[in-house]
Every structure is written in structure tokens, then in C-alpha cells.
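The residues making up each chain are set out below.
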Amino acid sequence: PLVAIGMYELSRRREKGLDISRRHAFDVLRFPFTRSIATLGVVLMGIYFAWLFAAQAIYELYFGSAVPASIAEFARQVFTTPSGWALIIVGCGVGFLFAVVVFTLSVVSFPLLLDRDVGVVTAVITSVRAVIANPITMAMWGFIVASALVIGSLPFFVGLAVVLPVLGHSTWHLYRKVVEGAERL
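### Observations concerning a nonpolar patch on the surface
- A cluster of nonpolar side chains, contributed by Met45, Tyr48, Phe49, Trp51 and Leu52, occupies part of the molecular surface with about 500 Å² of accessible area.
- The residue phenylalanine 49 is located in helix α2 (residues 34-63) in this model.
- Using a relative accessible area of 48% as the deciding quantity, one classes phenylalanine 49 as partly exposed.

### Examining the layout of surface pockets
- The calculated volume of the second largest pocket comes to roughly 260 Å³.
- What lines the second largest pocket is a set of 13 residues, among which Ile5, Gly6, Ala25, Val28 and Leu29 lie closest to the centre.
- Of all the secondary-structure elements, those providing two or more residues to the lining of the second largest pocket are α1 (5-15) and α2.
- Of the residues assigned to the lining of the second largest pocket, the class counts are 10 nonpolar, two polar and one charged.

### Considering the nonpolar core
- Among the nonpolar cores identified, the biggest contains 33 residues, and Tyr8, Val107, Phe110 and Met138 are the most heavily contacted of them.
- Broken down by element, the residue count for this core peaks at eight residues, all from helix α8 (residues 160-184).

### A few points about the environment of isoleucine 89
- Structurally, isoleucine 89 can be placed in helix α4 (residues 82-106).
- On a C-alpha basis, the gap between isoleucine 89 and isoleucine 5 in space is 33 Å, while along the polypeptide they are 84 residues apart.

### A closer look at the environment of valine 162
- Relative to the helices and strands, valine 162 resides in helix α8.
- C-alpha separation for the pair valine 162 and alanine 133, spaced 29 residues apart in sequence, amounts to 30 Å.

### So, the pattern of salt bridges
- Tallying each qualifying case throughout the model produces six salt bridges.
- Residues arginine 76 and glutamate 73 are paired through a salt bridge, measuring 2.8 Å at the closest nitrogen-oxygen approach. Here the residue arginine 76 and the residue glutamate 73 both occupy positions in helix α3 (residues 71-80), the gap between them amounting to three residues, near one helical turn.
- Through salt bridges with shared partners, a single network forms among Glu15, Asp115, Arg116 and Arg176.

Cut-offs used in this document
Residues numbered from 1 in each chain as written. Predicted model: local features only at pLDDT ≥ 70, side-chain atom pairs only at ≥ 80, totals over all residues. Heavy atoms only, no water. Patch = residues over 30% accessible without salt bridge, like charges linked within 9 Å, V, L, I, M, F, W, Y side chains within 5 Å. Areas by Shrake-Rupley, 256 points an atom, 1.4 Å probe, with all protein chains shown as cover. Salt bridge = Lys/Arg side-chain N within 4 Å of Asp/Glu carboxyl O. Helix = DSSP H or I, 4+ residues; strand = E, 2+ residues; numbered from the N terminus. Buried < 20%, exposed > 50% of the residue type's maximum accessible area, 1.4 Å probe, protein only. 1 Å grid on protein atoms, 1.4 Å probe; cavity = no way out; pocket = protein on both sides within 12 Å on 5 of 7 lines; lining within 4 Å. Points joined across faces, edges and corners; volume = space filled by probe spheres on them. Nonpolar A, V, L, I, M, F, W, Y, C, P; charged D, E, K, R; others polar. Core = buried A, V, L, I, M, F, W, Y, C linked by side-chain atoms within 4.5 Å.

Laid out in C-alpha cells, this is it:
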């Protein structure tokens, strides 16, 4: 979400009929809300480090602190042993929970911080409420985002040059529909 801030800005400018040349994607660095966006970015970075810690703990739970001799040995351990399959299942489950938390906290927070003069707490609460109010739509959007990122990453991450702008623009429109839709109620 933090990477897409420039795309949110271009989408916002397009919506208002303003110039949308690429140089305006970096205008967000001069806005007063940059501190709030950076704060939320730091929170997400903290969650990322917590996920890394959890992944290391799960690995050590199943394999101890021994480092595999090679990537091939690691792959053999993971795919051919009961401990490896347990690692895959538990690791994916825990990773999914981290992904749900990050998605819930940020799905509309970053666009909201860019669009309106609100604080980080208000933006995060709005994002959580949006996910709770629209669980199926948000779950589908999360699946679309995850799928698009996987597909964009396959050709040596080159596809992300196409996927990230599309996701950024689409997320802006999702934000506008969800937040404005809630305000009309």
C-alpha cells in the first residue's frame, strides 16, 4: 500500500481534472500528511518484522536452529518430511493471519490519509470498519491483490511494473466507493 501512494495521488488528481503527468506522483512527498503516511508505513514495517520473527520461530519449532547445508537440502526437508509439511501448513496459516491484519489496517487507510485531513488512528479505524462492513467484497479484493502480485512477480518481478499501477488506481476507486458509500448511509 505504501508503494502505491503515488498512484493514489495520480488517481486523485485525475478525478479532480488536474494534470496527471508522472512527476505529480511525487507531489505527496511535499504534502503535510506525509508524516501520517510515514507513521502508518512504520507500523506496517513493524508488522513485517513481527512476521519475520514468527517465521523464524516456526522454523525453529520444526527444525531447530540447524541451518540446512544447501537450498536443495532445505527443499528436501520441507517437502519430504512430516516436519516440513507441518512447517508449510502452520507457516501459511500464520502468514495468512499477518496478511489479513495488514490488509485490514491499510486497505483504505493510505488513500484516506492522502484524500482527507485525518489522523492515522482515524484512517486505520475507518479501514477496519470498511473491512467489517464489507467482508466478502474485501476478501475478494484481497484475493485479487494477492493473485495479481503473484502473477506480476513471476517474470522476475518485471510484471509488477504493470500490476502495481493498476492495483494502485483500482484501490483508489475501491476506497472512494467504500468510504463515500458509507457516508451516504
